[in-house]
Amino acid sequence: MFFYGVLNLLILHNVAAIIVPVEQGLLEGEQKWTVTGNTLYNSFKGIPYAAPPTGELRFKAPQPALYWEGIRNATEHGNVCPQVDQLTNQFIPGSEDCLFLNVYTPNLKRDNSLLPVIVFIHGGSYVFGSGNDDNYKCDYLVDQNVVAVTINYRLDAPGFLCLDTKEVPGNAGMKDQVAALKWVQRNIENFGGDPHQVTIMGQSAGSASCTLHALSPMSKGLFKRVIAMSGVPLSEFTVEFESKRRALILGKILGFETTNTSALLEFLQNVHVKKLVATNPSVIAIEEYINLVMKLYFVPVVEKDFGQERFLIEPPDVSLKNGRMHDVDILLGYASAEGVIGIFLYETPPTIDNYERFREALVPRNILYQSTPKITVELGDLIKDHYSGSEPLSLKTMPQFVQFVTDMYTYNIIRYARHLSNSVISNIYLYQFSCMSERNILSQQGNKYGIAGVAHNDDLMYVFNGNRYNLPITQNSTSYKMIQNTCTLLTNFAKYGNPTPDSSLGVNWPQFTAESETYMDIGEELTIDTKPRACMMDFWKRIYERADLPF
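Bear in mind the structure is a predicted one, so any value in this text is a computation, not a measurement.

Trainee: What is the right way to look at the packing of helix 6 (residues 243–253) against helix 7 (residues 261–268) in this model?
Mentor: Packed helix pairs are specified by the crossing angle of their axes together with the interaxial distance, meaning the distance between the axes. Contact pair helix 6 / helix 7: the axes reach a minimum separation of 10 Å and the direction vectors enclose 55°. By the angle class used here, helix 6 and helix 7 are oblique. Considering how the two elements wind past one another, helix 6 and helix 7 form a crossing that is left-handed. Contacts from K244, A247, L248, L250 and G251 of helix 6 reach helix 7 at T261, L264, F267 and L268. Among the residues forming the contact of helix 6 with helix 7, the class breakdown is six nonpolar, two polar and one charged.

What follows is the structure in structure tokens.
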């Protein structure tokens, strides 16, 4: 009651001060207009949701956030986590004190008008990114009358190192996300948000994270719905392999060779954090050649039971098979030409040449790690011949190679939707995103190769207005219509569990079922179709059958 007295007093005497109480103390935010000019909202940035994971807390599960005295300024973002941006190859030092979140709300009332909440989890292969508004400015979502939250979480080895010990069982970065979701549950009412109407939304590794939360016992009850954009637990960037051995190799790379995990932990907790990111600790030689776009080494793991609270207790495909999922609504999908994102990397010698030489590198990771060399070589030939025929993989066959990369994203998402439809999840919506306009920055890489379609990440340009891009808004333009359609679909789902609850968008989006496989194509127009990428799905099913693995 004291907090609310302070809140009212401060607002009464200083109209410009936007003060909100949270469990750690008082926050002062600021009011802004959305870029469209449609909504006056309240912005609160750089809110710590957990204690700084520094010193002896490095690699470990997050601890409760610290209290502060007085009023904390919440008009600037907190530190980003140390990382190397793999799109620019730039080291961003940030700080290990980086567990912050941001809240954007058009409503500060704590009454019956509480709004649905969307918590966005950024992507970046678990190694780079942040929730800051350079990429994730939430104006378009706030215009739809929801509360938007973005978060940071630990990345790369600091977030995902696993020693298979009680002290470092893995998944620190995922437990950061859980801590942020718990903070939302305890505090979001003070920002006018409804803790019973939380949707978690993510893209790429953030999308895979969201779908892992739908399996994790730690996350149960923290959200009602999931929006998964271009990532699922079956995706290439979520496959773990020999995580403890990888940690030992990291020590060796840094000059400390040991099999003693306690000694290794002490060593790694005392090296400069810059040495822990972008280290590339391959366990087997082929890993040097299977990183299509990003270096993928430290990812979520199934934790061994040391009596700790575990984020993942079994492989995701086992949870799916046995129906051990939370009963939540799920909307998921993919961009029409995901693989275009990496053309600038594929063009760098000897990337494509390596895939021609070592064709087993074309084989999905989960098959590669489980099959014999004889099988993977055979599968590599089948995959190469399917995509480029008698032509060798090279710059001349860039369209075919990009199609291969696109399919590696896409088949797992459709496959996951099929698994969901056979589990406890009944409310499922599948989409393909095909909006093309001046907003498609990464998609432009395909132009010189005659490749049309939406690159991985470019769907985000229709959900967020990131500061770094400074993209113009013309409210009578086709691109603005696509922004409105996209954000209306997403926020309708967050509000009602149905992206088209009425006829206002001129289309009815049916649920995805195993029988119909109905999906929406979100483009300049909104259209409904069935059986997405059927020929592609048949091909990859045959690949899994040849590997004697379930599809």
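Trainee: What am I meant to see in the nonpolar core here?
Mentor: Generally speaking, a soluble globular protein has its nonpolar side chains buried in company with each other. In terms of nonpolar packing, the biggest core is built from 130 residues, with V103, F191, L332 and W540 touching the most fellow members. With 13 residues, the single largest contributor to this core is helix 13 (residues 398–421). If sequence neighbours within four positions are ignored, F191 has contacts with V20, V22, L27, F44, I47, V103, T105, N107, L108, V147 and W183.

Trainee: What is the right way to look at the environment of P315 in this model?
Mentor: Checked against the element boundaries, P315 lands in the loop between helix 7 and helix 8 (316–321). Sequence separation of P315 and V239 is 76 residues, and the distance between their C-alpha atoms is 9.7 Å.

Trainee: Is there a simple way to think about the packing of helix 13 against helix 15 (residues 534–546) in this case?
Mentor: Where helix 13 contacts helix 15, the two axes come as close as 10 Å, and the packing angle between them is 85°. As judged from the angle between their axes, helix 13 and helix 15 are roughly perpendicular. Contacts between helix 13 and helix 15 involve F404, D407, M408, T410, Y411, N412, I414, R415 and R418 from the former and M536, M537, W540 and Y544 from the latter. A breakdown of the residues in the contact of helix 13 with helix 15 according to their chemical character gives eight nonpolar, two polar and three charged.

Rules used in this analysis
Sequence order as written defines residue numbering, which begins from 1 separately in each chain. Note on the predicted model: pLDDT of at least 70 is required for a residue's local features to be given, and 80 or more for side-chain atom pairs to be given and counted; whole-chain, interface and lining totals, by contrast, use all residues. As a rule here, side-chain values cover all heavy atoms of the structure and leave hydrogens and water aside. Angles run from 0 to 180 degrees between N-to-C directions of axes, and those axes are lines fitted to C-alpha atoms, restricted for helices to the stretch in contact. Only DSSP runs of H or I with at least four residues qualify as helices, and only runs of E with at least two residues qualify as strands; both kinds are numbered from the N terminus onward. With respect to orientation, any angle under 35 degrees is reported as roughly parallel, any angle over 145 as roughly antiparallel, any angle of 65 to 115 as roughly perpendicular, and every other angle as oblique. Take the far helix as the reference: if the near one is turned anticlockwise from it by less than a right angle, the crossing is left-handed, and if turned clockwise, right-handed. Residue contacts are defined here by distance: any two heavy atoms, one from each residue, within 4.5 Å place the two residues in contact. In this count, Pro and Cys sit with the nonpolar residues alongside Ala, Val, Leu, Ile, Met, Phe, Trp and Tyr, while Asp, Glu, Lys and Arg are called charged and the others, Gly among them, polar. Buried Ala, Val, Leu, Ile, Met, Phe, Trp, Tyr and Cys residues form a nonpolar core when they are joined through side-chain atoms within 4.5 Å. Think of it in three bands: residues with accessible area under 20% of the maximum for their type are buried, residues over 50% are exposed, and the middle band is partly exposed, with areas taken using a 1.4 Å probe on protein chains only.

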